[in-house]
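Listed here are the chains, written in short residue letters.
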Number of protein chains: 4
Amino acid sequence: MPRSRYPTMPTTSDTTDSTGEDLRRLILDTTRHLLVQEGYQNLSMRKIAREIEYSPTSIYLHFDSKDALLHALIHEGMMQLHDDLEATAQRHPDAPIERLRALCRCFIEFGLSNPEYYEVMFQLRPERMERYPPEKYRAARRNLTFFAEALTQGREAGRLHVEDASVSASTIWASLHGTVSLLLAERLDVQIDRETFITTAIRQTIRGYLPSTQSATS
Amino acid sequence: MPRSRYPTMPTTSDTTDSTGEDLRRLILDTTRHLLVQEGYQNLSMRKIAREIEYSPTSIYLHFDSKDALLHALIHEGMMQLHDDLEATAQRHPDAPIERLRALCRCFIEFGLSNPEYYEVMFQLRPERMERYPPEKYRAARRNLTFFAEALTQGREAGRLHVEDASVSASTIWASLHGTVSLLLAERLDVQIDRETFITTAIRQTIRGYLPSTQSATS
Amino acid sequence: MPRSRYPTMPTTSDTTDSTGEDLRRLILDTTRHLLVQEGYQNLSMRKIAREIEYSPTSIYLHFDSKDALLHALIHEGMMQLHDDLEATAQRHPDAPIERLRALCRCFIEFGLSNPEYYEVMFQLRPERMERYPPEKYRAARRNLTFFAEALTQGREAGRLHVEDASVSASTIWASLHGTVSLLLAERLDVQIDRETFITTAIRQTIRGYLPSTQSATS
Amino acid sequence: MPRSRYPTMPTTSDTTDSTGEDLRRLILDTTRHLLVQEGYQNLSMRKIAREIEYSPTSIYLHFDSKDALLHALIHEGMMQLHDDLEATAQRHPDAPIERLRALCRCFIEFGLSNPEYYEVMFQLRPERMERYPPEKYRAARRNLTFFAEALTQGREAGRLHVEDASVSASTIWASLHGTVSLLLAERLDVQIDRETFITTAIRQTIRGYLPSTQSATS
DNA sequence: AATGAATGAGCATTCATTCAT
DNA sequence: CATGAATGAATGCTCATTCAT
């Protein structure tokens, strides 16, 4: 009986960690694993149950519904992304532009290396997110602040041209999200080299905030 | 008997035919409608049938399979987007930057006002696209050339800084796609005004191609 | 438009052969062909229609139902088997035992070389045969008389030990049918050589009618 | 609520278990019943479910697939046939010819009194048997050895003329199978008395192995 | 003589979930 | 804490057949 064959998350979540929380962890890890392996569309409670060698019913002892399970998973993903971004940010404490570039690269790499995770984190239909718990939502939004902070510091250092850091963080996010999405959906023209595409996307995104000669437009 | 309760496409396709083509249209229109209402994941042949008040079998008289139906829909969407972009391009024959901005706006507006199409057009998982007919694929790709042409002309006029027009067209597309996606998925922070977000996204995207004082590294 | 790509039956049936009978023939030939190629289970009116490039409806102009079509086909098969057996019988006019052996071989070979045909001819469930037209049934039964005649002549020549030629013809038929069935169902042990099996089956079947030293009890 | 209206198998299998095995039995018994009533071709999971007044899903709690269900059924039939043959063989330990005759009679009676089993046991198309588990296949083949052993002992006693006992067991099986098949398919001429037909079939089959005066023919 | 349009019934299988234990 | 038993609803798709034209 394997039961715990996948790398475990270091319990980032707010679990009070009584004894039986182990199964909760096992479910989450297995679900994540299945998600990556078979995709969101093919994820089913039964498969999770089969994989952990418990009955489907047991999952419901720990999660109210499939949605609740997914939400927990999204949250974990957001937390991991947070950790990744944070580590990245700390590597460039005094160079906001470099930091911004690194954050962009970090986001894209997170998406590309966790494709199915990415799908549930950012592409789940709004109705499935309706019941997403507000405090988790707030935590997720915190990821954006890394971008906003870099922008703000860049502006304060006079090196970036930023009007509203919060809005700009969102548009940067949009660009990165579009980049990841097209790559994951394999919609990019085969003639275009992936790495060139990514580099260009990041470069142009950042160029949009560098002071320009023609400041005219709108 | 409702039967035709949704706005109809003005028969963009190559049909000018007999009576029985009406049902084909009805199916396509209804499918589009269901797509925006319930999303691709919840779309089923039976639901379509129920909605048009025909038997599921009847759909198969007009489309070989669910995939074929979706492909037809995607193609229609691509063709309409093409028409929109073309009309937009012609409105600014001699001002590449203005044209580029208008094309961006056009794309975003297309996405926001045809959410039915958008999901299947750009977010369908690669497996479902595998059998997408090559000639339709080629037609779809043509939409990108409007962007590439504007970039090229802007470069030739010395007003845009563009290395590879084809790659850049793709990164612009990525930005726009990300923008539309986040809006449709209702992932944007409620505190941010939609119109501001869109305008900013477009402006920054284009700024990325304006000549800058600081020569952007790599 | 091919329409008549398969070898045609030489109109053994009782058709008055007006002009439109051509389609009837085409349907029969195509059905036979499909049967051999794809098996009885996969035979459908639609497939036949597709193959002959007529509408499914058209088939119903010539055959009342799928059953009627199958019955016509069975009849044709029986007639062909009849021809085969007849030709075989005529080759041994004066040697009843040899003739019997040849008839057995002929039957088995017919079965093995027309597997799917054989299936509908002899293995169709009784309820599908209920409405089989009596005159066709009688014609089919005539095939048995070749065996009965050989038995009778063998008895008259004092070379075969036969009580009731009609019953014995049936038991011989049963043996042959069993032999063909097992071979077609691939139920024979792989260690047993097909040809040896067939030869043995025939030999033993005939030996059952040769005069024995031990007068067989009961 | 009928639920258990058919004769039950006395749990030949290796289950001596809990309560839930009852449904498994009910499914098997009902399936057998439906098989004889409607034939293999018309057997569907839904019909079984309807008949046992459970949901179709419930069947899948006990059998992985339709094939698995059929295989279980075939195996049960083979085991019962085995028991019947074994009991028969033991009744004639020292009289190989009598034993052979009794085994033939036993096989035919098994077929005629278990028509439900018969079709799936011996007439299933090879495709459906492909995945038949090898150990079950081996068990099934063991039934043939009763015939082979009787032949061998008859030969050793100098009372039967047998070349290859294994091949001959198969041809005897073929004869019996043909006999049963024609009877079950109701293909026998109504003028022929069933019992006469069966007796004759068995007698002639065995006569084929008695030493003959004319040993000549190949 | 031929068809286009349409359908009701059916298929094997999977799903998330519930409930009594 | 965990489960076995059970289900209603759903899935894409195929079938033989009918009927008005």
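Check the entry above for the structure.
What you are looking at is a predicted structure, and each value in this text was computed from that prediction instead of being measured.

Draft legend 1. Geometry of the interface of chain A and chain B. Tallying the contact residues gives 55 residues for chain A and 60 residues for chain B. Here chain A packs against chain B, burying approximately 5,000 Å² in sum over the two surfaces, 52% of which is carbon and sulfur. Of all residues in chain A, A:Arg125, A:Arg187 and A:Arg207 bury the most surface against chain B, accounting for 15% of the area lost on that side. Linking chain A to chain B there are 5 salt bridges. Between A:Arg141 and B:Asp189 there is a salt bridge; the shortest N-O distance is 3.1 Å. Of all the secondary structure elements, the ones that give two or more residues to the side of chain A that touches chain B are α6 (115-122), α7 (126-129), α8 (134-156), α9 (165-184) and α10 (194-207) of chain A. Among the elements that line the side of chain A that touches chain B, the one with the most residues is α9(A), at 14 residues.

Draft legend 2. Layout of the packing of helix α5 (residues 96-113) of chain B against helix α10 (residues 194-207) of chain B. Residues and elements named next belong to chain B. Running from N to C, α5 and α10 cross one another at 140°; their axes reach a closest spacing of 10 Å. Viewed along their axes, α5 and α10 adopt a mutual orientation that is oblique. The interaxial crossing formed by α5 with α10 has right-handed handedness. For the pair α5 and α10, contact is made by Ile97, Leu100, Arg101, Cys104, Arg105, Ile108 and Leu112 and by Arg194, Glu195, Ile198, Thr199, Ile202 and Ile206, respectively. Its residues assigned to classes, the contact of α5 with α10 shows 8 nonpolar, 1 polar and 4 charged.

Draft legend 3. Representation of the relation of the copies chain D and chain C. In the superposition of chain D on chain C (RMSD 1.1 Å, axial shift 0.4 Å), the rotation amounts to 177°. In symmetry terms, the pair is related by a two-fold rotation axis. Residue by residue, 90% of the interface of chain D is reproduced at the interface of chain C, so both copies engage with the same surface.

Draft legend 4. Quick look at helix α2 (residues 45-52) of chain B. Residues and elements named next belong to chain B. Every buried residue of α2 is listed here: Met45, Ile48, Ala49 and Ile52. Looking straight down α2, one finds its buried side chains confined to an arc of 100°; they lie on one side. Exposed residues lying more than 90 degrees from the buried face of α2 are Arg46 and Arg50. Against α1 (21-38), α3 (56-59) and α4 (66-90) lie the buried residues of α2. At the C-terminal side of α2, Glu53 shows a positive phi close to 60°.

Draft legend 5. Looking closely at the protein's contact with DNA strand E. Around DNA strand E, the structure places 31 residues, and the nearest of them are B:Thr57, B:Ser58, C:Ser58, D:Ser44 and D:Arg46. Per the 4 Å cut-off to the protein, sugar and phosphate atoms form 51% of the nearby atoms of DNA strand E. Here D:Arg46 contributes a side-chain N or O atom positioned 2.6 Å from a base nitrogen of DNA strand E. For DNA strand E, a base oxygen lies 3.5 Å from a polar atom in the side chain of D:Thr57. Within the residue set of the surface near DNA strand E, elements represented by two or more residues are α2 (45-52) and α3 (56-62) of chain A, α3 of chain B, α3 (56-62) of chain C together with α2 (45-52) of chain D. Considering every element that reaches the surface near DNA strand E, the biggest residue donor is α3(C), with 4 residues. Grouping the constituent residues of the surface near DNA strand E by class yields 12 nonpolar, 14 polar and 5 charged.

Parameters and conventions
- Residues numbered from 1 in each chain as written.
- Chains lettered and ligands numbered in written order.
- Predicted model: local features only at pLDDT ≥ 70, side-chain atom pairs only at ≥ 80, totals over all residues.
- Heavy atoms only, no water.
- Contact = heavy atoms within 4.5 Å.
- Buried area = accessible area lost by both parts, 1.4 Å probe.
- Salt bridge = Lys/Arg side-chain N within 4 Å of Asp/Glu carboxyl O.
- Helix = DSSP H or I, 4+ residues; strand = E, 2+ residues; numbered from the N terminus.
- Axes fitted to C-alpha atoms, helices over the stretch in contact; angles between N-to-C directions.
- Parallel < 35°, antiparallel > 145°, perpendicular 65-115°, else oblique.
- Left-handed = near helix turned anticlockwise from the far one by under 90°.
- Nonpolar A, V, L, I, M, F, W, Y, C, P; charged D, E, K, R; others polar.
- Least-squares fit on C-alpha atoms with pLDDT ≥ 70 in both.
- Buried < 20%, exposed > 50% of the residue type's maximum accessible area, 1.4 Å probe, protein only.
- Arc of directions from axis to C-beta.
- Near = heavy atom within 4 Å.
- Polar contact = N/O pair within 3.5 Å; in protein donor to acceptor, adjacent residues only side chain to side chain.

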